[in-house]
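Commentary on secondary and tertiary structure
These are the residues of each chain, in order.
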Amino acid sequence: MMKRAGWRCREHWAASYNLACSPTYHFRLASFSLPSSLLHWSKPPPSRTWTVVMTYQQDYLSPCLYPLSALSDIISTVEFNHTGELLATGDKGGRVVIFQREQESKNQVHRRGEYNVYSTFQSHEPEFDYLKSLEIEEKINKIRWLPQQNAAYFLLSTNDKTVKLWKVSERDKRPEGYNLKDEEGRLRDPATITTLRVPVLRPMDLMVEATPRRVFANAHTYHINSISVNSDYETYMSADDLRINLWNFEITNQSFNIVDIKPANMEELTEVITAAEFHPHHCNTFVYSSSKGTIRLCDMRASALCDRHTKFFEEPEDPSNRSFFSEIISSISDVKFSHSGRCIMTRDYLTVKVWDLNMENRPVETYQVHDYLRSKLCSLYENDCIFDKFECVWNGSDSVIMTGSYNNFFRMFDRNTKRDVTLEASRENSKPRAILKPRKVCVGGKRRKDEISVDSLDFSKKILHTAWHPSENIIAVAATNNLYIFQDKVN
Amino acid sequence: MAGVAGPATGSGAAGGDGDDSLYPIAVLIDELRNEDVQLRLNSIKKLSTIALALGVERTRTELLPFLTDTIYDEDEVLLALAEQLGNFTGLVGGPDFAHCLLPPLESLATVEETVVRDKAVESLRQISQEHTPVALEAHFVPLVKRLASGDWFTSRTSACGLFSVCYPRASIAVKGEIRQYFRSLCSDDTPMVRRAAASKLGEFAKVLELDSVKSEIVPLFTNLASDEQDSVRLLAVEACVSIAQLLSQDDIEALVMPTLRQAAEDKSWRVRYMVADKFSELQKAVGPKITLNDLIPAFQNLLKDCEAEVRAAAAHKVKELCENLPMEGRETMIMNQILPYIKELVSDTNQHVKSALASVIMGLSTILGKENTIEHLLPLFLAQLKDECPEVRLNIISNLDCVNEVIGIRQLSQSLLPAIVELAEDAKWRVRLAIIEYMPLLAGQLGVEFFDEKLNSLCMAWLVDHVYAIREAATNNLMKLVQKFGTEWAQNTIVPKVLVMANDPNYLHRMTTLFCINALSEACGQEITTKQMLPIVLKMAGDQVANVRFNVAKSLQKIGPILDTDALQEEVKPVLQKLGQDEDMDVKYFAQEAISAVAQRLRKLDFPVKDSEEPSAPGADKNHFLRPRGPGEDTGKVLPLISRHKETEWLEWLPRRQQRQPSLGVQVQPRDQHISCT
């Protein structure tokens, strides 16, 4: 109990710490014109099939780098839209940046995976809750795209308290011609107006506008950690530490609380909600994970309040591994349904687990992300890294899993071949068109060439957020304030 | 392009008038793209004026193309545009050119905002009626097809609402196509479109030939009712009502009932909720025989559903269901088949279920008659009156009149009283407010004696409640009671108690006396007002709290019309003049307001000729004194003053000096208005 209480406190401390050390807020906007010329793709067009890609040999990934300059512009979420044509990032400064994939053309086929900045806008501003004397960070916790419904794109972005629905649309015409003004904008004498002029629309340079369509506020007492769009295209849910609310996209003044795990007495609090997601096809099913390492699956058909779960996924603890840290490292930081909807993947501090929806007592697959850290948990506890929330993603066909680690390393696991690879996203070794080399961390005393010792890992460089293109082998990796986009390289 | 607008093409409508009339139109056109949304909205709302000035041809060739591309605007502007275009046929040259309106509406029908889309569809439906059959097939049907096969689901959802208007007037070949398009939308990939199709299924069925209904609509309905998404299935329940209305009893049994039975037992509570919610409509649509065989058992299940939302929805429908049962055997059926379930709901675990039941259960007494009510329903009422949830008790009390008609209220009064007292003293002020609202009703039902004996003290206690809203409601309540029980009653029971409060040490209570006098004076009439109330008001003019003093001025203004000339001249005027010299600027202001009102009144009384003109005005009273202004009539003027009330209420704990601060800003406003009024 004591430990749990300490855990919550730490999290709040971390939040206020982050806020205090964001002095770059003022020049953030200035730093934001992204030089798309930095993108260079050297290799000829890729036309490889999936299987080849997943051998993870060093030549198959080539990077491109988007430096988002200022140090505190830490990217806090990355998300492809449903077609993969757009990629959105959110950062600690409350900004959303949308990248658009370069259109394919005959003479520039090699630029297949290139993404250019499409639109940037300030989604959230820092706020202060005067009633509770709480600062509300502008940091974007999550971005979720809506299925496309007309020519415009829609996305949800959320900070700790408020979810916003944004419309991103294009405009390429503007009206011209006034009655009371002439072409130079000078006012005309009303007496000279002898005819009426109807404005006409003239083509202009493409303009991308982001407009806030809805603001869903005042429904969360705790910090929102997840948002998820339902497959009925009509509702979404938002989850905070203790509650999950269900919203209709059209209604902002009302939401339904579907899960509430807040005990009557807060002293009895033993677990919090860490992530939640809707089933990709069944509009009535969702899962949420907890800090105790369990996952609950709820069916909204059964009753209006889903406090009682339908399925409960939990792996019995191995008593031999039990330690002071076992409860902390079993906390689930992310949960994702596979695209097929048949599996769920969870990420805890050291592993990624895949669960079959029909098997509740243990995961079908467990992948070690950085098991070499098991001996270093004590120092990771001391520097707070043990509370880092790593996310995990599926590839388009659910056959590969990707998740992040420290030292700008990220890991991929091929579920079919059981092979895995560690790659590094860093500016030093990823000049445009460079090819990523697999990395190895050595545990013992003998360090071979190209290996990195556990002790020399940089724990301040962590990859928490990654995204995988919904159908192709293009990945986006956020390493602090850098966004890397890699694609499989095919000759 | 801009050259088109040159002088040569200016049509007759615009050219005939001089420059003077063009200028306002020119402003309107320019403001169509003003930066201020309000101005744009304003311009769009006057689109018909613009179109009229441009003439039909320029409207068609210039204005509409411009509007078609203006779909970037704010929702409210688009909504206004969609609405305007529905009535635009005359302005584009009549039915022959109605199709010119389709392009702008088509683009509006694809925007993401549902209200705009719906309005565009509504306008399209309106315009479709103005198309000739030929034009309908040449222009409107292709539009529907385009929308129905659009890439984005917004356009496909909009299409769903258009089939039923073009179908009846289309040729047989086109009819087949329309049905085909509708079929494909019913099995669209996106649930949004399937939902739109499901919600328009009933409407479309109504315009179809009966054979097609059976052969095409029913299968679609069955499919939608077993859709994988419960958000689609629940809409099929609604369609069920319209389809059942079209079919014979045998067909209903064979084609609709299997689906309906399945819906009533659906795995998803939302679908069952929908069945409960639409129960009365379903009952009427399927007729009495099927109701007895199928719906009653289904209803029983819904009343004991495991989901509280479903039980609450079903409980809401209990009365309507019973009312709609065939007269023959109704009583027995309710007693045997419904009542046992109701009895269980009275002690339900969920308060929403209980309060839903409480809001309709009293209505059963008229259906069941006196004896059954006393024997079976009364215990339920009494149990609900003792319920722990205030909402349940309130719902019972608010419907007392139904029972009163059947068994008289005496039966209930013994239980009623403790319930009322408890609600009257509830810790939540909204509950107290709710019970005050029912006091006049209760007073009417219970009679003056019972009221004096039991409830009068409650009504007086509310006058000194610590929440302003309660005191305000209590004041209005007194007025209604006096209207009910008469002036004599008021003089004996209410007025003395109210007047005593004028000496209360709390200035808020002293002000309550003034508010009560404002409310009661009219109902009590001239004599009581002059003899009993006026002296107290005048005495309070010397109060040490300025808030009380300026309320005295307001009260005097308010009761002035009820008083006779002598009282006004000799008693009111001197006091007001004294207040007009008050050191507090608020008091001075309100005293001056009152003086001018009183002076006006005195003038009118001096010249009875003017007075005789008054009665010709509608609503004027036949009383000898002028009718005092009702609260609604002078809202505009009093509004800042009301806010002043509220402000002082909020700050009641502040010492007087500080209270003055917020009023300073407000003061300017009433004075300006005062000047502009005179």
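Keep in mind that what you see is a predicted model, and the values were worked out from it rather than measured. (Residues numbered from 1 in each chain as written. Chains lettered and ligands numbered in written order. Predicted model: local features only at pLDDT ≥ 70, side-chain atom pairs only at ≥ 80, totals over all residues. Heavy atoms only, no water.)

Digging into the overall build of chain A
Across its full length, chain A carries 4 helices and 32 strands. Across the 491 residues of chain A, 55% fall into the buried class. Residue pairs in contact within chain A that sit at least 24 positions apart in sequence constitute 59% of those at least 6 positions apart. Counting every atom, chain A has about 21700 Å² of accessible surface; 51% of that belongs to carbon and sulfur. (Helix = DSSP H or I, 4+ residues; strand = E, 2+ residues; numbered from the N terminus. Buried < 20%, exposed > 50% of the residue type's maximum accessible area, 1.4 Å probe, protein only. Contact = heavy atoms within 4.5 Å. Areas by Shrake-Rupley, 256 points an atom, 1.4 Å probe, with all protein chains shown as cover.)

Here we look at the interface of chain B and chain A
At the interface, 46 residues of chain B touch 44 residues of chain A. Buried area between chain B and chain A, both sides added, is near 4200 Å², and the carbon and sulfur share of it is 54%. Considering only the surface of chain B that becomes buried against chain A, Arg33, Tyr72 and Glu112 of chain B emerge as the three largest contributors, covering 18% of it. Summed over the shared surface of chain B and chain A, the result is 7 salt bridges. One salt bridge connects Arg213 of chain A with Asp75 of chain B, and the closest N-O pair in it is separated by 2.8 Å. Connecting chain B to chain A are 20 residue pairs in polar contact (both at pLDDT 80 or more). Elements with a minimum of two residues in the side of chain B that touches chain A: helix 2 (19–31), helix 4 (47–68), helix 9 (153–160), helix 12 (191–207), helix 14 (230–246) and helix 16 (269–277) of chain B. With 8 residues, helix 2 of chain B is the single largest residue contributor to the side of chain B that touches chain A. Of the residues that constitute the side of chain B that touches chain A, the class distribution is 22 nonpolar, 8 polar and 16 charged. (Buried area = accessible area lost by both parts, 1.4 Å probe. Salt bridge = Lys/Arg side-chain N within 4 Å of Asp/Glu carboxyl O. Polar contact = N/O pair within 3.5 Å; in protein donor to acceptor, adjacent residues only side chain to side chain. Nonpolar A, V, L, I, M, F, W, Y, C, P; charged D, E, K, R; others polar.)

Quick look at the pairing of strand 23 (residues 365–368) of chain A
Residue and element names in this part refer to chain A. A one-sided burial pattern is seen for strand 23, the buried positions being Glu365 and Tyr367 and the unburied ones Thr366 and Gln368. With 4 bridges joining them, strand 22 (residues 351–356) and strand 23 adopt antiparallel strand pairing. Residue pairing across strands places Thr351 opposite Gln368, the latter belonging to strand 23. (Pairing = 2+ DSSP bridges.)

Section: helix 24 (residues 400–407) of chain B
Residues and elements named next belong to chain B. Taken residue by residue, helix 24 has Leu400, Cys402, Val403, Val406 and Ile407 as its buried positions. Across the axial projection of helix 24, the buried residues extend over an arc of 155°, all falling on one side. Against helix 22 (364–385), helix 23 (390–398), helix 25 (410–424) and helix 26 (429–446) lie the buried residues of helix 24. Note on helix 24: the residue one or two positions beyond its end, Gly408, has a positive phi of about 75°. (Arc of directions from axis to C-beta.)

What about helix 26 of chain B?
Residues and elements named next belong to chain B. In this model helix 26 runs 24 Å from its N-terminal to its C-terminal C-alpha over 18 residues, within 8% of the 26 Å that 1.5 Å per residue would give. Along helix 26, the largest kink reaches about 40° and is centred on Met439; proline Pro440 follows within four residues of it. Among the residues of helix 26, those classed as buried are Val431, Arg432, Ile435, Ile436, Met439, Pro440, Leu442, Ala443, Gln445 and Leu446. Summarising the contacts, the buried residues of helix 26 are in contact with helix 23, helix 24, helix 25, helix 27 (448–462) and helix 28 (468–485). One or two steps after helix 26, the chain reaches Gly447, where phi turns positive at roughly 90°. (Expected span 1.5 Å × (residues − 1). Bend = angle between axes of the 7 residues up to and from the residue.)

Points about the packing of aromatic side chains
Evaluation of the coordinates by the stated rule reveals 35 aromatic pairs over all chains. Taking the centre distance of 5.7 Å and the plane angle of 80° together, the rings of Phe324 of chain A and Tyr381 of chain A count as edge-to-face. On the criterion of sequence distance, the pair formed by Phe324 of chain A in the loop between strand 19 (311–313) and helix 3 (326–330) and Tyr381 of chain A in helix 4 (residues 377–382) is long-range, its members being 57 residues apart. Through pairs of rings, three or more aromatic residues link up here, namely Phe216, Tyr236, Trp247 and Phe249 of chain A. We note Arg33 of chain B situated over the ring of Tyr178 of chain A; from NZ or CZ to the ring centre the distance is 3.8 Å. Here the guanidinium or amino end of Arg60 of chain B rests over the ring plane of Phe97 of chain B, the centre of that ring lying 3.7 Å away. (Phe/Tyr/Trp six-rings, centres within 6.5 Å; stacked < 30°, edge-to-face > 60°. Lys NZ or Arg CZ within 6 Å of the ring centre and 35° of its normal.)

As for a negative patch on the surface
Among the surface-exposed residues, Asp564, Asp566, Glu570 and Glu571 of chain B lie close enough to one another that they form a single negatively charged patch. Mapped onto the secondary structure, Glu571 of chain B falls in helix 33 (residues 565–580). (Patch = residues over 30% accessible without salt bridge, like charges linked within 9 Å, V, L, I, M, F, W, Y side chains within 5 Å. Lys, Arg positive; Asp, Glu negative; His and termini not counted. Charge placed at Lys NZ, Arg CZ, Asp CG, Glu CD.)

Concerning the sheet that holds strand 26 (residues 409–414) of chain A
Residue and element names in this part refer to chain A. Read from one edge of the open sheet, 4 strands run 24-25-26-27, paired in antiparallel fashion. This sheet does not close on itself; its edge strands, each paired only once, are strand 24 (392–394) and strand 27 (420–424). Here the average twist between neighbouring strands, direction ignored, is 20°. Pairing geometry for strand 24 and strand 25 (residues 400–404), over 3 bridges, is antiparallel. Counterpart to Val393 in the pairing with strand 25 is Met402. (Axes fitted to C-alpha atoms, helices over the stretch in contact; angles between N-to-C directions.)

Re the side chain of Glu31 of chain B
Residues and elements named next belong to chain B. For Glu31, the position within the fold is in helix 2. We note that Glu31 is buried and unpaired, the nearest opposite charge coming from Lys46 at a distance of 7.4 Å. Sequence-distant contacts of Glu31, defined by excluding residues within four places in its chain, comprise Leu39, Arg40 and Ser43.

Focus on the nonpolar core
Generally speaking, nonpolar side chains in soluble globular proteins are found buried as a group. Phe140 and Ile243 of chain B are the most contacted members of the largest nonpolar core, which has 237 residues in total. Sort the elements by how many residues they give to this core and helix 17 (residues 279–303) of chain B lands first, with 11 residues. With residues up to four places along the chain from it excluded, the contact list for Phe140 of chain B reads Leu102, Leu124, Ser128, His131, Ala135, Leu162, Val165 and Cys166 of chain B. Judged by nonpolar contacts, the second largest core, of 20 residues, contains Tyr349, Cys385, Phe409 and Val454 of chain A. (Core = buried A, V, L, I, M, F, W, Y, C linked by side-chain atoms within 4.5 Å.)

Notes on unusual backbone geometry
Residue and element names in this part refer to chain A. The phi angle at Asn407 is positive, at roughly 60°, despite the residue not being glycine. Here Asn407 falls in the buried class, since its relative accessible area comes to 11%. Non-glycine residue Lys418 carries a positive phi angle of around 60°. Mapped onto the secondary structure, Lys418 falls in the loop between strand 26 and strand 27. Assessed through its relative accessible area of 49%, Lys418 is described here as partly exposed.

Section: the confidence of the model for chain A
Of the residues in chain A, 81% have a pLDDT of 70 or more, and the chain-wide mean is 80. Note that pLDDT drops below 50 for residues 1–69 of chain A; the model gives that stretch 176 contacts with residues more than four away or on any other chain. (pLDDT = per-residue confidence, 0-100.)

Some remarks on the sheet that holds strand 4 (residues 95–101) of chain A
All names here are of chain A. Strands sit in the order 2-3-4-5 across an open sheet of 4 strands; the sheet is antiparallel. Edge positions in the open sheet fall to strand 2 (75–80) and strand 5 (115–122), since each of these has one partner strand only. With strand direction ignored, the average angle separating the axes of adjacent strands in the sheet is 20°. Here 5 bridges tie strand 2 to strand 3 (residues 86–91), and the two strands are oriented antiparallel to one another.

So, the pattern of salt bridges
In the structure shown here, the tally under the stated rule is 55 salt bridges over all chains. When the shortest N-O distance is used, the salt bridge between Glu203 of chain B and Arg125 of chain B registers 2.9 Å. Of this pair, Glu203 of chain B sits in helix 12 while Arg125 of chain B sits in helix 7 (residues 114–128), and the two are 78 residues apart along the sequence. Relative accessible area serves as the criterion here: at 25%, Glu203 of chain B is assigned to the partly exposed category. One network of salt bridges, in which partners are shared, links Lys167, Arg213 and Arg214 of chain A together with Asp75, Glu112 and Glu113 of chain B.

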